[in-house]
Amino acid sequence: MYLLFDIGGTKTRIAFSSDGTSFEAPVKLETPVDFSVAMQAYKTEGDKIVNGRPIHAVAAGVKFLNKERNGMLAQALLPMWANQPLKQSLSEMFQVPAYLENDTAIVGLGEAAYGAARGYGIVVYMTISTGVGGVRIIDGAIERSAQGFEPGHSIIQYAERDIRCLSCGVAGDLESYISGRAFERRFGKKPYDVTDPAIWDEAATVLAAALANVSVFWSPECIVVGGSMMKHPGISLDAVRTKLPQFLRIFPQPPELKPEALGDDGGLYGALAFVVKQHARL
Ligand SMILES: [Zn+2]
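Keep in mind the model is a prediction, meaning the values are calculated, not measured. (Residues numbered from 1 in each chain as written. Predicted model: local features only at pLDDT ≥ 70, side-chain atom pairs only at ≥ 80, totals over all residues. Heavy atoms only, no water.)

### Here's the deal with the packing of helix 5 (residues 180-187) against helix 6 (residues 197-218)
Packing of helix 5 against helix 6 brings their axes to within 13 Å, and their N-to-C directions diverge by 140°. In terms of orientation, helix 5 and helix 6 fall into the oblique class. Crossing of helix 5 over helix 6 shows right-handed handedness. Of the residues in helix 6, those touching helix 5 at Phe-183, Arg-186 and Phe-187 are Ile-199, Trp-200, Glu-202 and Ala-203. Looking at side-chain class alone, the contact of helix 5 with helix 6 contains five nonpolar, no polar and two charged residues. (Axes fitted to C-alpha atoms, helices over the stretch in contact; angles between N-to-C directions. Helix = DSSP H or I, 4+ residues; strand = E, 2+ residues; numbered from the N terminus. Parallel < 35°, antiparallel > 145°, perpendicular 65-115°, else oblique. Left-handed = near helix turned anticlockwise from the far one by under 90°. Contact = heavy atoms within 4.5 Å. Nonpolar A, V, L, I, M, F, W, Y, C, P; charged D, E, K, R; others polar.)

Structure follows, in structure tokens:
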């Protein structure tokens, strides 16, 4: 029925859904650095997985997607993927429509449809990882936007001069405090080697302030928080939950905070939820 892709910078996961409600055990492969090699590998693996069964659409969550051009951004996943026509390639290879979305939006959709926020109507998903991203999901659909969602680049401290974002160059944004890359730059080691509880407690305070901002702008019922910085050692979601009310006094009750539930399969669940919704429109 549907062939699902979760295309990351180092790993790709591919799975088949024969019923539109679940998928079979995914196949994992290293993401080839060369775009045309990747497409050949995806075709070979995809055909094996589909094994002659009817296929109606392909869906993929992918980093650095240029949604207007349905290809890859110049800054791309991998340099040799820059400006490549990913959607067209997937569609032509499998002779069906291909539906592509940004990876963070897809994982958020997966958590809303099948994971931690199942049953909630207004959901925000935040990922605190190498970078910081997020998305709002309304009634099981990724909310429309003019230019995407970038809560990682919301300003935490406008007068900050020394803490500058490694992605956008702005001083004092959320990503410049609590992303994995920012931690490496600030502390000179991998985040999982940072063991000082005071550092993680400060990061929890910054995240609580950021989630207060998310709450007043996006007014979610539930915020799902995931990503490698939320592991142990890492930011404690319990600490964030305790700190949030001090920043969010305007609402009588803060939104529910939940850890992500789907782990490595979040992208495939999201691709499934996405293709079911998109393809049903045809
Ligand atoms: Zn930034």
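There is more to say after this.
### Some thoughts on the domain arrangement of the chain
For the chain, the domain assignment lists domain 1 (2-106 + 264-280) and domain 2 (118-260). Centre-to-centre separation of domain 1 and domain 2, based on C-alpha positions: 27 Å. Counting residues at the interface gives five residues for domain 1 and 10 residues for domain 2. Buried surface at the junction of domain 1 and domain 2, summed over both partners, amounts to about 470 Å²; 66% is from carbon and sulfur atoms. (Domains from an automatic or database assignment. Buried area = accessible area lost by both parts, 1.4 Å probe.)

### Some details on the coordination of the zinc ion
Taken together, the protein ligands of the zinc ion are His-153 (ND1), Cys-165 (SG), Cys-168 (SG) and Asp-173 (OD), with distances of 1.9 to 2.3 Å. Coordination geometry of the zinc ion: the four donor atoms subtend angles of 101 to 119° at the metal centre, consistent with an arrangement described as tetrahedral. Sequence spacing of the donors to the zinc ion: H-x11-C-x2-C-x4-D. You can see His-153 sitting in the loop between strand 10 (141-142) and helix 4 (174-178) and its partner Asp-173 sitting in the loop between strand 10 and helix 4, a full 20 residues away along the chain. Since its relative accessible area comes to 23%, His-153 is described here as partly exposed. (Donors = N, O, S within 2.8 Å, 3.2 Å for Na, K, Ca; no water. Tetrahedral: all angles 85-135°; square planar, octahedral: opposite > 155°, others 65-115°. Buried < 20%, exposed > 50% of the residue type's maximum accessible area, 1.4 Å probe, protein only.)

### Details of the packing of aromatic side chains
Within this structure, the stated rule accounts for nine aromatic pairs. Ring centres of Phe-183 and Phe-187 lie 5.0 Å apart, and the angle between their planes is 75°; on these two criteria the pair is classed as edge-to-face. On the criterion of helical spacing, the pair formed by Phe-183 and Phe-187 is a turn pair, its members being four residues apart in helix 5. Here Phe-183 falls in the buried class, since its relative accessible area comes to 1%. A residue is classified by how much of its surface remains accessible, and Phe-187, at 26% relative accessible area, is partly exposed. Members of the aromatic cluster, connected to one another through ring pairs, are Phe-5, Phe-35, Tyr-42, Trp-81 and Phe-94. (Phe/Tyr/Trp six-rings, centres within 6.5 Å; stacked < 30°, edge-to-face > 60°.)

### Comments concerning the nonpolar core
For soluble globular proteins, nonpolar side chains are generally found buried alongside one another. Judged by nonpolar contacts, the single largest core of 60 residues is most densely connected at Ile-128, Ile-178, Leu-211 and Ile-235. No other element matches helix 6, which puts 12 residues into this core. Summarising the domain contributions, this core has at least three residues from each of domain 1 (2-106 + 264-280) and domain 2 (118-260). Excluding its chain neighbours within four sequence positions, the residues that come into contact with Ile-235 are Ile-128, Ile-178, Trp-200, Ala-203, Ala-204, Leu-207, Met-229, Met-230 and Val-240. (Core = buried A, V, L, I, M, F, W, Y, C linked by side-chain atoms within 4.5 Å.)

### Considerations on the environment of Gly-152
By secondary structure assignment, the location of Gly-152 is in the loop between strand 10 and helix 4. When the C-alpha atoms of Gly-152 and Leu-90 are compared, they prove to be 30 Å apart, with 62 residues separating the residues in sequence. Ignoring anything within four residues of it in the chain, the contact list for Gly-152 reads Val-132, Asp-173, Leu-174 and Glu-175.

### Observations regarding the pairing of strand 11 (residues 222-226)
With five of five residues buried, strand 11 is to be regarded as a mostly interior element. Burial along strand 11 is two-sided: Cys-222, Val-224 and Gly-226 and Ile-223 and Val-225, pointing in opposite directions, are all buried. Bridge count for strand 8 (residues 122-128) against strand 11 is five bridges, and the pairing is parallel. Bridging from a neighbouring strand, Met-126 pairs with Val-225 of strand 11. Bridge count between strand 11 and strand 12 (residues 256-259): four bridges; the pairing is parallel. Counterpart to Cys-222 in the pairing with strand 12 is Glu-256. (Pairing = 2+ DSSP bridges.)

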